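Architecture and fold: a report
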Amino acid sequence: SNMASKEACCWLVNVGNTMGSPDGSDGKTRLDTSRDALKAFLSHKLMIASKHEVGLVLYGWRETLNDLQGDGYQGVFVPRDLCPTDAQLLRYVNDLSVADRTADCLDAMIVALDMLHKRTAGQKIHRRIFLLTDGAFGLTEDDLTCLEEVGRQVATLDVTMHIVVVGPSEAPPSVTLLAKCCSAEVLFSSQWQQLLNVIHSQGVSQMSKSRPDLEIGPVRIPVHCFLKARRVALPTLSKRAKGTVAHTEPIEMKVQAERSYFAIDDADGEDVPPEERTKAYRYGKELVPFAEYDAAAMKYECDKCLQVLCSALEEELPLHYSNGGVTECVAPEPDNMVAARGLSSLIHGLRNTARCLVCRYAARKNARPRLVALSPYVAEKYECLYLTYLPFEEDIRDWPFPSLPTPVDSHLAAADQLIDAMTLPADDRTYKVSQMPNPIIQRFSDLLKARVCDSTAPVPDLDTRLAGLLKSAMEETVPAVAAQEGLKREFKLTAAEVTTVKRRKFWKDALQAKRQAVGEVDTSAITVGSASRPLPAQGEPPAPAPMAAPVRIGTVNPIRDFRQAIADRRGAPDGVDRTTEAIDQLTKVIERFLSETLSDCSKKACECLRALRQGCVEENAALKYNSALRGLKASCEGLTGPRGAFWSSVVESGLSLISDDEATTSDVSREEAAMFFVSATPKPSTPATPAQAAPRVEEDLLDLLE
């Protein structure tokens, strides 16, 4: 709980004359190995934690540059103070070379401690120091006195120190003494797997996924939920503009996508504004519009919670019920002893009775609630509850598989032999799954390091050290080959009979079969009449002209229906202007919305009234709008509930009467329109009766079907 969420790390690299010695038989020098370790650390930070701060200190360098150089700390060069990791530091490390002078690691450690103190004093941050050395240094009596003071400063600043010995396979006496005084961990470059594990480890506190209260009736225990294990994927890559300068700011280089919407029947091709767009979802071959008001009304809302529903025996929740493959650890809130005691007593009680808890879990506000099981776990150093996801009834699939045949003794013996051959010894350290680096991520890291230093570099081969680890892991499976062959002999595979699949029939096949049954048809004997419409006989009335489709303003998207109706007012074949009918229907839709009890319906009604006013002004139908608005005022002003909310929105929006300045057919002056919103005597709200609501529901369903 006392761990920080950020890290500051200083790398002390020996670049003295002894680092030019060969390191192993692959032709690399000790400085090359040190460079590889530092580049692996920097590339990992770039991918995973680019906000962590990294500093670089070179000792044994040909120049001197540090804050303590006036006090005699010579040969220590600080090319990079503590700051977030970037590609420029990776390029600088790639160009390091060996200097021709001796190195003093104690001076470098003092400079690094001073850097950490100045940069992180008073901050809750995890401090680390990596000292890369070949151990080719001695310690005098003065150095021993100085080393004791360095050890005290390391303890005071709470610094975690790692000493990486490059070259020797055993720690020299000077390195052993240095590690003892500074409580440092000694690593070796020859143990590359262990070194990568330490380099990639993050000494910062793990962020909790959720921080709910474990609710057991009236009892609430503050807990934190942590992910036990998760799959680390490759970092996401963002697009950059091609041909930009390498040092251009990322904001200028980033590619941003913009999306525009156009109406199909719009000849001008103007962009449709957001307020005129509506989401739609497919229902079969049709698109059903779904306005934002409907989405807000149907949106599921819940609070963050971890509520206990019941308890169950562990045998009642088998392992195959686990749904999702993700396990979380539920621990008490840090620094809360009351919560720790309460959760500990619950864990031990569940363990003693072999039971687990079934809970309702929502990791955050308005998240999808899940059904989970809390199982007790007690280890030597800690205890917690394991949270696993359970399926609902609709998620379970009961497949009716046939029963397996009863195995004979030879089958069981072959299976036991295979299991024994593939079981690793308990003390085997060559292959540990928890310490095996992911080869895909390591390969991507190598590519990142190569492309940062050279943008045209090809994809590098797999690192020889990592390839050696994978090869040793594959060698562990050699003893199991003979056991696998024995298992094949016991369980022989035979080819299954393939049943004939019933061929699908198509209409063309059916027509061809019909022709074969009926025979050829003489089409010359078929008389085809004229396709033109026959003229009416003399004395008969002419055929009526085709009627236009009736105006229908639905409740799903009434504004669109109204605008479409008044736009097509002159296009009807019968020549009848249907604007009045559209206005009357939209007025009824507004009244229908006001009869509902949902608050979102009042917002819909206000938007419909706005569209009605705009259409009446355009069509010079001011009398119809003024009459409708006076009726709405009489039925809504002074009330509470949806009607009161609707009228308040109308007043705030200024949707008053249409004056004679806006439409010539209006009989209302500008002063009368301004005085229209004068409060009257409040009236009690009259809720809608069920008998009134039933026809509206049927009409709404008809609108959706259309």
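All of these numbers come straight from a predicted model, not from anything done at the bench.

Thresholds applied
- Residues numbered from 1 in each chain as written.
- Predicted model: local features only at pLDDT ≥ 70, side-chain atom pairs only at ≥ 80, totals over all residues.
- Heavy atoms only, no water.
- Pairing = 2+ DSSP bridges.
- Helix = DSSP H or I, 4+ residues; strand = E, 2+ residues; numbered from the N terminus.
- Axes fitted to C-alpha atoms, helices over the stretch in contact; angles between N-to-C directions.
- Phe/Tyr/Trp six-rings, centres within 6.5 Å; stacked < 30°, edge-to-face > 60°.
- Buried < 20%, exposed > 50% of the residue type's maximum accessible area, 1.4 Å probe, protein only.
- Lys NZ or Arg CZ within 6 Å of the ring centre and 35° of its normal.
- Core = buried A, V, L, I, M, F, W, Y, C linked by side-chain atoms within 4.5 Å.
- Contact = heavy atoms within 4.5 Å.
- pLDDT = per-residue confidence, 0-100.
- Expected span 1.5 Å × (residues − 1).
- Arc of directions from axis to C-beta.

**Structural notes on the sheet that holds strand β15 (residues 383-390)**
- Strand order in the closed barrel formed by seven strands is β7-β8-β12-β15-β14-β13-β11, with mixed pairing between adjacent strands. Within the sheet, the average angular offset between the axes of one strand and its neighbour, ignoring direction, is 40°.
- Summarising the sheet, strand β13 (residues 355-362) and strand β14 (residues 370-378) pair through five bridges and their orientation is antiparallel. What sits directly across from L357, in β14, is L374.

**Focus: the pairing of strand β8 (residues 219-227)**
- Relative to β8, strand β7 (residues 213-216) is paired through four bridges, and the arrangement is antiparallel. Each bridged residue has a counterpart across the sheet, and for I216 the counterpart in β8 is V219.
- Counting the residues that bridge the hairpin from β7 to β8 gives two residues, and of these G217 lies at a positive phi of roughly 65°.

**Quick notes on the packing of aromatic side chains**
- This model, assessed by the stated rule, comprises eleven aromatic pairs.
- Ring geometry for Y361 versus Y389: centroids 6.4 Å apart, planes at 45°, classification tilted. On the criterion of sequence distance, the pair formed by Y361 in strand β13 and Y389 in strand β15 is long-range, its members being 28 residues apart. Both residues of the pair, Y361 and Y389, count as buried.
- The rings of W11, F41 and F130 are connected pair by pair, giving a single aromatic cluster.
- Over the face of the ring belonging to W61 we find R62, whose NZ or CZ atom lies 4.5 Å from the ring centre.
- For K633, the ring lying beneath its charged end belongs to F676, and the centroid distance is 4.3 Å.

**Let's talk about the nonpolar core**
- Core analysis: the largest hydrophobic core is formed by 38 residues, its most contacted members being L12, M109, I129, L131 and L178.
- Residue assignment for this core shows that the elements contributing at least two residues are β1 (7-14), β2 (53-59), β3 (76-84), α3 (105-120), β4 (126-133), α4 (141-156), β5 (159-165) and α5 (173-182).
- Broken down by element, the residue count for this core peaks at ten residues, all from α3.
- Excluding residues that lie within four positions of it along the chain, I129 makes contacts with C10, L12, A112, L113, L116, V159, T160, M161 and H162.
- Core analysis: the second largest hydrophobic core is formed by 35 residues, I583, L594, A621 and F676 among them.

**Observations regarding the confidence of the model for the protein chain**
- Across the protein chain, the average pLDDT comes to 80, with 83% of residues at or above 70.
- Overall, residues 680-698 carries pLDDT values under 50, and its contacts beyond four positions in sequence, including any with other chains, amount to 14 contacts.
- Confidence drops under a pLDDT of 50 for residues 701-706, and excluding neighbours within four residues, the segment shows nine contacts in the predicted structure.

**Notes on α4**
- Taking 1.5 Å per residue as the helical rise, α4 with its 16 residues ought to reach 22 Å, and the 23 Å between its terminal C-alpha atoms agrees with that figure.
- The complete set of buried residues in α4 reads L147, V150, G151 and V154. All buried residues of α4 project into a common sector of 105° when viewed along the axis, lining one side. In α4, the exposed residues that point more than 90 degrees away from the buried face are E141, D142, T145 and T156.
- The secondary structure elements touched by the buried residues of α4 are α3, β5 and α5.

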